[in-house]
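# Working through the structure, step by step
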Amino acid sequence: MSDVLQVMKLKDKVAIVTGAGGGVGKSITRSLISEGTKVVLIGRDRSKLMRAIAEVGDNKNLLPVTADITKEAEVLNAIEQALSSFDTIDILINNAGIIYDPTPFHLMTDDQWTGLINTNLLGTFRTTKAILPIMIDRKEGCIVNISSLLGMRSIPNVPFSVYGVTKAGVIMFTKSIAVEYGPYGIRCNCVAPSTIRSPMIEPYLQDENAKQLLESSFPLRRIGEPDDISSAVVYFCSDDAKWITGAVLTVDGGISAKQ
């Protein structure tokens, strides 16, 4: 049997991934690298970025940049470092985000909701604003925003009101950027996941009854994995999606279809 060579979908593209030190960020980076992309990893914690690079294991095509997306000067510096190393930027993955423990809205502090808005929404604004002039000059580009199913609907007894608002804002921002910058050849799409395996939900998975209850709520009878998100991201970045923009893809094991 002859070997079938895998064609890299994103060979020689340059991507920025924010929140690259987390589980989903690492998975996105790994998937992009496997498709031939050079990746700039942005995050606040350099040690996490270096661990991500060690796990992915393609040092010459990976650039770690320590930056806080809530600070414009740090975002601009990160873009300059990316251009200095790789000459251009083809892809932006707005993956960085924070979430707090569920808290009834009337008990939230200003600092809590300001933190959510600054990172999840304004941080996405800042990175996108910094990248757009580069893509406009090139007459092409791809932006993928990571939102959440909580930006589309609320879950009873799970108070994530402000988090949901920020993620709903990301969805509308995606559509607005797609329409405004489509004439420049720039596509902007959004992935809206449901529950993804992460340190926050890991304690629930240690309790077998809680684990079964959680998994049984999904038609596919499991929670999501980071690779489920990265596969959707790679699709949006590739030529397979070259006539898709302003789209919101729910990656949720079917739960939104039943509720």
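See the structure printed just above.
So, here's what we can say about the structure. (Residues numbered from 1 in each chain as written. Predicted model: local features only at pLDDT ≥ 70, side-chain atom pairs only at ≥ 80, totals over all residues. Heavy atoms only, no water.)

### Considerations on the environment of aspartate 227
Position of aspartate 227 relative to the elements: it lies in helix H8 (residues 226-237). The spatial distance from the C-alpha of aspartate 227 to the C-alpha of asparagine 61 is 20 Å, given a sequence separation of 166 residues. Dropping the residues within four chain positions of it, aspartate 227 is found in contact with Ser27 and Arg30. (Helix = DSSP H or I, 4+ residues; strand = E, 2+ residues; numbered from the N terminus. Contact = heavy atoms within 4.5 Å.)

### Some points on the nonpolar core
Counting residues in hydrophobic clusters, the biggest one holds 29 residues, and the most contacted among them are Leu32, Leu41, Ile93, Val144, Val191, Val233 and Cys237. Secondary-structure elements contributing two or more residues to this core are strand E1 (14-18), helix H1 (23-34), strand E2 (38-43), helix H2 (46-56), strand E4 (91-94), strand E5 (141-146) and H8. A total of six residues in this core trace back to one element, the largest contributor, which is H8. Ranked by size, the runner-up nonpolar core spans 28 residues in total, among them Ile16, Ile42, Ala82 and Met135. (Core = buried A, V, L, I, M, F, W, Y, C linked by side-chain atoms within 4.5 Å. Buried < 20%, exposed > 50% of the residue type's maximum accessible area, 1.4 Å probe, protein only.)

### Thoughts on the pattern of salt bridges
Any two side chains of opposite charge can pair, given that their charged atoms come close. This model, assessed by the stated rule, comprises 10 salt bridges. Among the ionic pairs, arginine 138 bridges to aspartate 90, the shortest N-O distance being 2.9 Å. Placement of the pair is arginine 138 in helix H4 (residues 110-138) and aspartate 90 in the loop between helix H3 (72-86) and E4, with a sequence separation of 48 residues. For arginine 138, a relative accessible area of 30% translates into the label partly exposed. The buried category is assigned to aspartate 90, whose relative accessible area is 6%. Between arginine 222 and aspartate 228 there is a salt bridge, with the nearest N and O atoms lying 3.0 Å from each other. Among the residues examined, aspartate 228 registers a relative accessible area of 24% and is labelled partly exposed. Taken together, the shared-partner salt bridges in this structure form one network comprising Lys26, Arg30 and Glu55. (Salt bridge = Lys/Arg side-chain N within 4 Å of Asp/Glu carboxyl O.)

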